[in-house]
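Structure assessment
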Amino acid sequence: MSRRVLTKATHTAIAAYDLSRLIRNGSLMERAAVFPSEASPCDHAAAPDLECAAYTTDDALICVGRDGGIRWRSDFDAAPERYMNGAAACAFSLRGDVVWLYRPDLAMKGPGHTDQWLAFDAATGAVLGQVDLGSTGHGAYHFVHPDGEQILLNVGQGQDGARVYRARLDDTGIVVSEYVWDATLFDLSPDGGRVMTVREVRGGLLEELVIRTFPEGREDVVVSAEALGYDEDRYETFFIGYIVGYLDADTAIVSVHGELAEDEDDEEAQDLDFHHNQLVDVRTGRVLGPMPSEFFSRNDVMPLGDRSWLTVGSNGGWYRHTL
């Protein structure tokens, strides 16, 4: 089984953390490897063997070794001035032999360009495939499927919503298909059999959580805003996210946030913003209740799919917790 790795970046390095290491509940995660970088990374990832890392800047995708030495790079040929905000995103395949790159060409190069998705040989930097997505995104997230072959990409297009793609490599290059959802992809189940999405309710201002089968994309479970606690008399605005992910195969952590309705009888200054983290049974859609009180209102919870989650401490480090 491949090592599970997460990364975080400073201005001068990428730190890799091995999620396969068992630690005591609530303990600080220790760095498994550090990769010096020549520039401040925008996005970043590390290979499962922790021998190399890849990161994007405004100008290039760069692959480095443990000593920070550049193994290879792919320049973006971006225009001197950006057409709009946009950031490239990268990820290693499950085996670490491929580096995937999302490149927002409209943002980087201007009209006449659309987003590109590329696959590189992780050892040499040779391009294994490239497809034009036709999207006009500001950024994207990769989701590596546990079968070791497929990968998902969610491209965020701002007010134009999101587009979701599925791809794999074969002898001809990248084989890609697009889902026709009007939804944002948030997570992939630990076994790869389902995906978690959020969409706007047609004709309204609310959102709903939708669990779908993979790879078909068929709707399986829908969780409404009302099920997550929405009451029009209590809330001025009510959104699902930013935290939406699998705690384990059967349970998700789902946050709701927004603004409470103002109490007109209260003359004191009111803090109307709220953020609540709840547990949801993804098999049935039943809301199980809030997370433990010390995590209920935190906006830094990161579900890991193995019944644990991360939070950020005052020292900037990741702390790992389990139910």
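Remarks on the state of the cysteines
Applying the stated criterion across every chain, the model contains 0 disulfides. Free of any disulfide, Cys-90 has its nearest neighbouring cysteine sulfur in Cys-63, separated by 9.4 Å.

Thoughts on the nonpolar core
Membership of the largest hydrophobic core comes to 20 residues, with the highest contact counts inside it found for Met-196, Leu-209, Leu-228, Phe-238 and Val-254. Here this core gets 5 residues from one element, more than from any other, and that element is strand E21 (residues 235-246). Not counting residues within four places of it along the chain, the set of residues in contact with Val-254 comprises Leu-209, Leu-228, Ile-240, Ile-243, Val-244, His-276, Asn-277, Gln-278 and Val-280. If you look at the next biggest cluster of nonpolar residues, it comprises 17 residues, including Ala-47, Leu-61, Phe-76 and Leu-101.

A short note on a negative patch on the surface
Taken together, the side chains of Glu-236, Glu-259, Glu-262, Asp-263, Asp-271 and Asp-273 define an acidic patch exposed on the protein surface. Structurally, Glu-259 is set in strand E22 (residues 251-260).

Points about the side chain of Thr-213
For Thr-213, the position within the fold is in strand E19 (residues 207-213). A relative accessible area of 9% means that Thr-213 is categorised as buried. Those residues in contact with Thr-213, other than ones at most four positions away along the chain, are Gly-193, Arg-194, Arg-218 and Asp-220.

Topic: the environment of Trp-72
Looking at where Trp-72 falls in the secondary structure, it is placed in strand E8 (residues 70-75). The class of Trp-72 is buried, set by a relative accessible area of 6%. A C-alpha to C-alpha distance of 8.9 Å links Trp-72 and Ala-122, two positions 50 residues apart in sequence. Of the polar contacts made by the side chain of Trp-72, one reaches the backbone oxygen of Ala-122; its length is 2.9 Å.

A look at the sheet that holds strand E12 (residues 127-132)
In space, the 4 strands of this open sheet follow the order E9-E10-E11-E12, with antiparallel pairing throughout. Across the chains shown, the open sheet's two edge strands, defined by having one partner strand only, are strand E9 (89-92) and E12. Ignoring strand direction, the axes of neighbouring strands in this sheet form an average angle of 15°. In terms of strand pairing, strand E11 (residues 116-121) meets E12 through 5 bridges, oriented antiparallel. Bridged to Leu-118 within E12 is Gln-130.

Parameters at a glance
Residues numbered from 1 in each chain as written. Predicted model: local features only at pLDDT ≥ 70, side-chain atom pairs only at ≥ 80, totals over all residues. Heavy atoms only, no water. Disulfide = S-S within 2.5 Å. Core = buried A, V, L, I, M, F, W, Y, C linked by side-chain atoms within 4.5 Å. Buried < 20%, exposed > 50% of the residue type's maximum accessible area, 1.4 Å probe, protein only. Helix = DSSP H or I, 4+ residues; strand = E, 2+ residues; numbered from the N terminus. Contact = heavy atoms within 4.5 Å. Patch = residues over 30% accessible without salt bridge, like charges linked within 9 Å, V, L, I, M, F, W, Y side chains within 5 Å. Areas by Shrake-Rupley, 256 points an atom, 1.4 Å probe, with all protein chains shown as cover. Salt bridge = Lys/Arg side-chain N within 4 Å of Asp/Glu carboxyl O. Lys, Arg positive; Asp, Glu negative; His and termini not counted. Charge placed at Lys NZ, Arg CZ, Asp CG, Glu CD. Polar contact = N/O pair within 3.5 Å; in protein donor to acceptor, adjacent residues only side chain to side chain. Pairing = 2+ DSSP bridges. Axes fitted to C-alpha atoms, helices over the stretch in contact; angles between N-to-C directions.

As far as function goes, none of this settles anything; it's purely spatial.
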